Each structure stands twice: as structure tokens, then as C-alpha cells.
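Structural features, examined
Residue strings, one per chain:
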Amino acid sequence: MNQAEYRFGPYRLLPAARELWRGDRLDTPARLVFDCLAYLVQRRDRAVGRDELVAAIWGRVDIAEARVSELVVRARRAVGDDGQAQRIIRTVPGFGYRWIAEVATAADAGVEPAAAGGRDAPLDDRPIPLAAQPRRSLRPRAARVVIAAALAAIIALPLWHWQRSRSEAPTPAAAADAPHAIVLPLRIEGPSGSQWLRLGAMELIAERLSDAGLRVPPSESVLGLTRLDGRDEQAVRIALERTFGQPLLIGGSAIRAGSQWQVGLETTTADGVQHRVEATHRDAIEAARQAGDLLLAALGRLPPPAADERGDDEERLRQIQAALLANQLDVAQALFDQLAPDQAQRPAIAYQQARLHLLTGRHSAAQAALSALIAAPDVRALPLLLGKAHTLRATVQFRQAGFAAAEADFDAALVALGDLDAPAERGMALSGRGAARLAARRFDEAALDLGRARMEFERAGDAFGLAQTDANFGLLESQQGRIEQALPYLAGAADRFESLGAVERLLSVLDPLFDLHGLLLQWPDALATSDRQWALRERVRDPGQRLSLAVNRSTALAALGRLREADQVLADAAPLLARTPPTAARYYHAQRARLDLTLGRPAAAAAAADRALEVWPSEPDDWLRGQVVLARQRAAAGSTRSARLDAELDAAAARDPDQVAPALLIALAERAAADDAPGETERRYAQALASASRRGVPVDLAAAVVAQAGWLLAVGRSADAAALAGRVAPWADRDFECALLQVAVLQALGPQRTWSAALRRTQALAGERAIPAALTRAPAA
């Protein structure tokens, strides 16, 4: 085994072990980041073209430029580099990248390292990060709003799952280390109207193999990897192998010949033995079942018992399943409308109809249908279907914020599943119950459920379940204030969803990922995340979600000093306001207020802040609402204050400062300063700093320090300001306001050489933001 080791600065990178060490601390980054580092360091003798890097890391070339840029940003950060310094990874304009840091190597047998991501160095699937709130440039949210929104995305997962109508008979368990058996969509040659067999027969055959004890991942995971535009057969194979190891790939066809259907299947086992089987029957479903059973026999497996649904009922069920798999909801509804009353009452069909109700937003109808299904006497004898029905009903409860009722249904699902070999179904119930417990802030119980869920999804080979569980773990970390630990979980979940082609899921994870970067003052990373969102905006139909993408983009651009672009993004998105609910539009107005204030438009800023606050419930600990109030306070500086603003601040002043957002405390301090009340000013600034320190979030601490230190400088307390400014000095290389504070302190205290270096750094970060002229004059000797 190759033991090559690459040493540079304080780092050691071991490709074979997939480890990155900084000194004596293991600090291995996310999978794609590690692959990028390994590929570049192993080819440090030359520049690596962008397309070459993409092909090596992703196994295809249809990756957006923004996605590549974000990966390089993350790779640089993993080894203490950045886009300005480029001490380790240099950009080669118009071509790609090159590793330039000096490297010392060590290897046990002089074996040339395998290419990162190649067949000889399979990529691991370690979990990676999720979400939080933001600051002057994020679209921040109160913590409970973040939880509710994120959990809504989490618990939507059963809509992708629960497709398979497996046999209720006991089935042999698949070995945890057995290869996955992956059934690909069938090639169809038949009359018009038979194309549903492409997915319908695929799902039936996958069921038969799974019921016989093979390790078959959900069809949704397979489809996500096979349906992406531009992927040829080899690219699909690479994607499947990266996700499932070395799977048993099963392809096939269904051909109508006269009055008969011929279904053929073929596969090649790991030892190179090819198996081809064929079954013929006048009924396509029966031919597919027989072909699946013949393949099982060829692989040395006994076929499972036949399903209960037969004849026309089963064909209609398969057609409905195929329509739902393809997300053709209108087609699925038309198929349900054609059912006879007795057919619609069949348990398997009734379950699929409840799924359709939920997918189309008819929550009351879904809950009623599922309650009737759960109460049906014949369903009590079908534990797998009963478990799935409880889980789906829990999903409905979640959509209506009924977390306690949802937890009870997840409990019932786990009881119904008992000892059945149903890892995907058990994983969903555990993941959902963990989300319910997270909503109740029972973090230890939530972590236990999510850990068990991940193990079940690993057994099932469920790529979607694994990705969403990683996102859940990120949410768990972020809600406990461990933002940096949450970050890798969200980034990894985003990478998984992108590889699966799950655009909606990818967007749902990128949004909190953007917020996290902002909370950590990682503005280039935030913009790279926004680039990924922006590239997908044409595929977003919801006007509120499109408005949110524009707010994120404007936020990141403004934080990097690209004010005109930030302003234009908001201007272009303004027409969406007419089609967006006011509760969602408030985030647009919040960013509009902050940006107008930066652009020197106080009247416009005040108006935008007022529009946001009109529909914003008054909650003193709401992070973002505090930012809007602070923007409104600053917009009113030098003019008559509004009675509404004073009432807002009076209400905050009467509360325990531990229960008030730092931004509101800063606003109270600035009001006291305007009223020439230095004692009250200092007291409120101290409270803001204490609150931000307790929260431990860089964006809060920076806001509190910059505001208080600026006041201390204004009243001639330069030494006190300098002591305070030191708390945010580590962020001065990436945040303009922190950098500007260092210039102000050094301009007051000197020495000139240090002030000059700080000024140059601030100018590099300023973009279109003005540096006060007084700060550009050298300090007195």
C-alpha cells in the first residue's frame, strides 16, 4: 500500500490514508477538498488545467465555474492559504491552478501516488456541514425560525423515499459489506403509452432483488446519479462507483414482440462472470417479475414470495409509482382518477395516493387518508406498510409544525418495523424522530437518533438519506452554537446533493451554508456559495426563493465592497416583491436598508427598514430584526427620531439584556451617545459586548467591538479602544470593518509603519467603500 507523505509548512498530507495533519492534530477536510489538495500536490511540477482538475475530482467536465472556484477557496483555507496570498495554490489565469509551496516527500517503497479520486484511491464518504443566522449582510433569522425552516426541508425527505412496495414476508438480511445491486432504468421498445415501464419495471425488479436479500439502494438515489444532463455511460458508471463502491450494475430492456413482452436483464459479477436472462409473457409486469427471479437464480438466490397485488391492480400501481418517481404529478393524479372505488381502497394504492396529496400540498387530505389507512384492520397485519404510513403521517405533522405529534408517529413507525430488515425505512423514521427531538432542543437524544439513522442509510446504500442526515447533523451542531463544526457537515451534504442532481435539496443546503460563512466573516466563501445558488436560479419557480437568492447575492457582494453590483441585484429582483408574501419580502427590505445606509442614502434606508419592521413580529432576541432596528437607528442619526423607533428601543431597554440581541443593545448605546449620556452609553456597549461574547459568533463580536471601539476613539479613549480592537484583529485580513478599526486605532496611537501596513490591507478590502480621509493621514511621530 502506498504510504507517500507530503510535508509543507506545518502540514502533512497522506493520500492513501486520506489524512491531513497540522502538527500533531488530525484536520482532514471534506472529501472533495482533500481530493483537490492531493491531486495538485502530486502534480506540483506543472500547472493543472481547470478541465483536468474537474475530471479528476468529479469524474465529469460539466461543472460550473463557480463550483470549481468555491472548491479551490475551500482547499486553500484547509491549508492556511487564501486567494490574495496564494502561497500554496496559485491561480494560473485562463488555464487552471498550480501548487507552488515547497514540499518534502516521504514514501515507504517509492511507489508513485495514485491520482486523487482515481479507481485505485476510492473517495471516502465521510459526513460533512449545516446552518445558522447572519449579520449586516446575511439574511439572518431568529434561531427558532432557522430550526423550523431547516427541519421542514429535512423532514421532506420521505417524499423521495417510501416508493418501494416491498413484500411483507420476512426477507434475508443483506450483509453490510455486500456489494450494492443497482437496477438501471430499462430500455423500452413498445407501443406508445408503455414508456412508464422504463421506471415501473426497474422498481419492480429492484423490489424483487431487495426482498431476496440483496443490498439494493432506493431507486431515487440511482435516478439522481443517472439522469443528469450530459452524462454518458462511462460518467454514470464513475458516479455510481463513487457513491456505492463497486456495485453490481444490472441493465435491461423490455421489448414488445407481437402479443408478448420480452424482458431481458444482464450483469457482470465482481469475478467477471456475465449473466444474461430473458423472460417472455403477454403481461409486461409478469415478464419483468420472471426476469428478476431468473436473475436471482443465476446469482444463487431464491426468489421471494409473489406480491399480493396482481393483474390490473399491480399494473396500475406500477404506473403510479413510475409517475411519482419521474415527478410527473399530473400523470399520477390522472391515473388515480381512473381507478375504480375498490382499487383505490387497496392499501398499497391508498398509500401512494396519500403521498401524492402531500407532494401537491394537500396536507389535510394526506392526513385523513393516512389515518384511515393506519386504522384499517388488514393494514395492521402489514408491518412494513404500517411503518411507512406512520412515517408519512409524521411528515404531514411536521409541515404543520406539530413536532410532538410527529415524534409520536415516528415512535409508532419504529414499533411497527420491529426487527424487519428494512434499513431505509428505519433510517427515515430515526432521522425524522431525531429532527423532532432537535425541534424540542433535546440535543443528546437527537444526536443518538441521527447516528442510528446514518448507520441504517449506510446499510441501505441510500445516498439521499446519508446526505440529508449529514445536513441534520450540521443543524444540530449549529443550534448548539458550534458553527465551525457545522460547516463541514453542510458542505458535504451540498456535494452529495449536487452529485445526485437533486437541485431543490442542493439549494436548501446552500442557503444555510451561505449564512454560516457570513457568521464566520468568510465573505469570499459566502460569495462562492452564492455563485452556486445563482447558477441555479433559472430552475427556481418560487418567487420568494428567487428573492432570497438575490438577497444572499447582494449581501455577499456588499460585504466584499462591490456595492454597485449589490445594488443592481436588488433592483433587478424588486419585481418579485409583488409575488412574494410580506413575511418573506421583509428579508429583501432588511438588506435594502443596510445597503442604502452604506451607499449614503439614509432616507431610503429608513423607509426600507420601516417596511421590514411593519411585518416583523417584535422579538428582542431576534438576530436579524435587531440588525434592522440598528440600521433604522443609524439612518435617523442627525435627524428627528421617530416615535415608533423610540418605542421599539424603550421596550428593549426594559428587558433583561441577556435576552436581547447584540444589535439592539448597540442601538441602545448609540441612542444614549446621541443623547450625550456617556454612562448609559458605556453600560449598553458593555452589555452588547457581553452578549456577543456569550454567543461566540464572529459576526456578532465584530459588530459589538467595532461599534464600541469607534465610540471610545471619538471620546478620546484611544488606549481602551486599542485593547478592544485587539479582539477582532485576527479578522482584519478578511472583514473590512475590522480592518478599518485597526487603521483608526493605529492612526491614533502609531507607529507609522504598522499604521501604513494596516491601511494597505484595508484598501485591498475596501472595494467601492470609502476610507475616511482622516484615517489616510499618517499618525503623529
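The preceding data block contains the structure.
This section reports on the structure supplied with the text. (Residues numbered from 1 in each chain as written. Predicted model: local features only at pLDDT ≥ 70, side-chain atom pairs only at ≥ 80, totals over all residues. Heavy atoms only, no water.)

From N to C terminus, the protein chain includes 33 helices and 13 strands. When burial is assessed residue by residue, the protein chain has 57% of its 781 residues classed as buried. When contacts within the protein chain are restricted to residue pairs at least 6 apart in sequence, those whose partners lie at least 24 apart make up 62%. Accessible surface, the protein chain: about 31100 Å² in total, of which carbon and sulfur atoms supply 51%. (Helix = DSSP H or I, 4+ residues; strand = E, 2+ residues; numbered from the N terminus. Buried < 20%, exposed > 50% of the residue type's maximum accessible area, 1.4 Å probe, protein only. Contact = heavy atoms within 4.5 Å. Areas by Shrake-Rupley, 256 points an atom, 1.4 Å probe, with all protein chains shown as cover.)

Another aspect to go through is helix α13 (residues 363–375). A rise of 1.5 Å per residue sets the reference length of α13, with its 13 residues, at 18 Å; its end C-alpha atoms lie 18 Å apart and thus fit the reference within 8%. Among all positions of α13, only A366, L370, L373 and I374 are buried. An end-on view of α13 places all buried positions within 95° of arc, on one side of the element. Turned more than 90 degrees away from the buried face of α13, the exposed residues are S364 and A375. (Expected span 1.5 Å × (residues − 1). Arc of directions from axis to C-beta.)

Reading across the sheet, the five strands line up as β4-β3-β2-β1-β8 and stay open at both edges, with antiparallel pairing between neighbours. The open sheet has two edge strands with one neighbour each: β4 (25–26) and β8 (104–106). Alignment of strand β1 (residues 5–8) against strand β2 (residues 11–14), held across three bridges, turns out to be antiparallel. Within β2, the position partnered with Y6 by the bridge is L13. (Pairing = 2+ DSSP bridges.)

What follows deals with the pattern of salt bridges. If you walk through the whole model with that rule in mind, you get 44 salt bridges. Of the charged contacts, one joins R276 and E266 as a salt bridge, the two residues approaching to 3.5 Å between their closest N and O atoms. Taken together, the residues R276 in strand β13 (residues 274–281) and E266 in strand β12 (residues 260–268) connect sequence positions 10 residues apart. Across the salt bridge formed by R625 and E648, the nearest N and O atoms sit 2.3 Å from each other. Placement of the pair is R625 in helix α26 (residues 623–635) and E648 in helix α27 (residues 643–653), with a sequence separation of 23 residues. (Salt bridge = Lys/Arg side-chain N within 4 Å of Asp/Glu carboxyl O.)

This next bit is on the packing of helix α24 (residues 582–598) against helix α25 (residues 602–614). At a minimum axis distance of 8 Å, the contact between α24 and α25 shows a crossing angle of 160°. Considering their axes alone, α24 and α25 lie roughly antiparallel with respect to each other. Between α24 and α25 the crossing geometry is left-handed. For the pair α24 and α25, contact is made by R586, H589, A590, R592, A593, D596 and L597 and by A604, A605, A608, A609, R611 and A612, respectively. Looking at side-chain class alone, the contact of α24 with α25 contains eight nonpolar, one polar and four charged residues. (Axes fitted to C-alpha atoms, helices over the stretch in contact; angles between N-to-C directions. Parallel < 35°, antiparallel > 145°, perpendicular 65-115°, else oblique. Left-handed = near helix turned anticlockwise from the far one by under 90°. Nonpolar A, V, L, I, M, F, W, Y, C, P; charged D, E, K, R; others polar.)

In this section: the packing of helix α1 (residues 31–42) against helix α2 (residues 50–58). Their axes nearest at 10 Å, the elements α1 and α2 cross at an angle of 130°. By the criterion of interaxial angle, the relationship of α1 to α2 is oblique. Handedness of the crossing formed by α1 with α2: right-handed. Of the residues in α2, those in contact with L32, D35, C36, Y39 and L40 of α1 are E52, L53, A56, I57 and W58.

A separate point is the pairing of strand β11 (residues 248–257). Two strands pair when backbone bridges link them, and strand β9 (residues 181–183) and β11 are joined in this way by three bridges, in the parallel orientation. Bridging across to β11, I182 finds its partner in L249. Pairing of β11 with β12, which is carried by seven bridges, proceeds in the antiparallel orientation. The residue of β12 that forms the bridge with I255 is Q262.

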